[in-house]
Amino acid sequence: MGLQRGKNDKIHAERIAIYAMKNQQEAIIYQAPSRTVEKIRNLMSLREKLILTKASLIRNSKEMKSLDPEVSKLSDKFQKQTIKGITSDLKQIEKQLDLFIKEDENLSKIYSQAISVPGVGEVTTLYLICFTNEFTTYSMPRQLACYAGVVPFEHTSGKSIRLRPKVHHMANKKLKKQLHMCALSAVNHDPEMKEYFKRKVQEGKNKMLVINNVRNKIVHRICACIRDNKTFEVRKSA
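Report on the accompanying structure. (Residues numbered from 1 in each chain as written. Predicted model: local features only at pLDDT ≥ 70, side-chain atom pairs only at ≥ 80, totals over all residues. Heavy atoms only, no water.)

1. Here's the deal with the packing of helix H7 (residues 173-189) against helix H9 (residues 207-228)
In a packed pair of helices, the relevant descriptors are the angle between the two axes and the axis-to-axis distance. Viewed as axis vectors pointing N to C, H7 and H9 meet at an angle of 100 degrees, and their least axial separation amounts to 9 Å. By the criterion of interaxial angle, the relationship of H7 to H9 is roughly perpendicular. Where H7 abuts H9, its residues Lys176, Leu179, His180, Cys182, Ala183, Leu184, Ala186 and Val187 lie against Met208, Ile211, Val214, Arg215, Ile218 and Val219. For the contact of H7 with H9, the class distribution of residues is eleven nonpolar, one polar and two charged. (Axes fitted to C-alpha atoms, helices over the stretch in contact; angles between N-to-C directions. Helix = DSSP H or I, 4+ residues; strand = E, 2+ residues; numbered from the N terminus. Parallel < 35°, antiparallel > 145°, perpendicular 65-115°, else oblique. Contact = heavy atoms within 4.5 Å. Nonpolar A, V, L, I, M, F, W, Y, C, P; charged D, E, K, R; others polar.)

Following this line, the structure appears as structure tokens:
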């Protein structure tokens, strides 16, 4: 907008209008999530809070055992029913989430396609559905991989700066954490990913770098399943 002087609501409105007019060719129309996705989002948020609360109570009990066994017993006694109640609530939330998925035909299809990828679990699939608005927000796998923070970017300038490519800090940390767990599961249980991991490590690659590559591959697999409208098929060895 260049050098600007003065500030009020009218001037701001004019500047926003000019900015929108100049960039209308690149504008992306916002698509509000469906009512079902909003419900899933809210339940996932509640689920996360309950898990943190339960973990905090259990951790507090363990810490008290080393400090004061007598107080620890009292603590266990008073929070036993609370932990039991939270565990029951978490099971009910999971049942309700399953019900939401089954009741929506499109969500049910997307869910079955994404979760069919080796290493991908229920929680990761639900987070992907929420954060991508049923896989409509990102049209390309690399876009989703960038959003999830699993794509390394080059950092060079001239001949003097030659830093190692690394992922950017601006990413969805929650989704990145879930994909990390998926990658660990894949390299342990998926023969293809297990072989890939071993081969790259033997070549001298850093283990975390290889894990990140696996995360990237998982994202591409999921997007391929959604794009091709089919579940994942394990490659048959020749």
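Now that the structure is up, let's keep going.
2. A few points about helix H4 (residues 105-115)
Looking at H4, one finds that the buried residues are Leu107, Ile110, Tyr111, Gln113 and Ala114. In a view along the axis of H4, the buried residues occupy a sector of 165 degrees, so they form one face of it. Those residues of H4 that are buried lie in contact with helix H2 (35-67), helix H3 (69-103), helix H5 (122-131) and H9. The backbone nitrogen of Asn106 has a side-chain oxygen 3.1 Å away, supplied by the residue at the start of H4, namely Asp104. (Buried < 20%, exposed > 50% of the residue type's maximum accessible area, 1.4 Å probe, protein only. Arc of directions from axis to C-beta. Polar contact = N/O pair within 3.5 Å; in protein donor to acceptor, adjacent residues only side chain to side chain.)

3. Examining the packing of aromatic side chains
Counted by the stated rule, this structure contains two aromatic pairs. Aromatic pair Tyr127 and Phe131: ring centres 5.6 Å apart, planes at 5 degrees, arrangement stacked. Of the two residues, Tyr127 and Phe131 are both situated in helix H5; the distance of four residues between them amounts to about one turn of the helix. One residue, Lys217, lies across the ring of Tyr196, its end atom 4.7 Å from the ring centre. (Phe/Tyr/Trp six-rings, centres within 6.5 Å; stacked < 30°, edge-to-face > 60°. Lys NZ or Arg CZ within 6 Å of the ring centre and 35° of its normal.)

4. Some words on the nonpolar core
Residues Ile40, Ile129, Phe135, Val214, Ile218 and Ile222 are the most contacted members of the largest nonpolar core, which totals 46 residues. Of all the secondary-structure elements, those providing two or more residues to this core are H2, H3, H4, H5, helix H6 (141-147), H7, helix H8 (191-202) and H9. For this core, the element with the most residues is H9, which contributes nine residues. Not counting residues up to four positions away in its chain, the partners in contact with Ile218 are Val117, Val120, Leu179, Cys182, Ala183, Ala186 and Met193. (Core = buried A, V, L, I, M, F, W, Y, C linked by side-chain atoms within 4.5 Å.)

5. With respect to unusual backbone geometry
Residues other than glycine seldom take positive phi values, yet Phe135 does so here, at roughly 60 degrees. Within the element layout of this structure, Phe135 appears in the loop between H5 and H6. Residue classification places Phe135 among the buried residues on the basis of a relative accessible area of 12%. We note that Asn229 has phi near 55 degrees; this positive angle belongs to a residue other than glycine. Take Asn229: it is sitting in the segment after H9.

These figures come from the coordinates and say nothing about function on their own.
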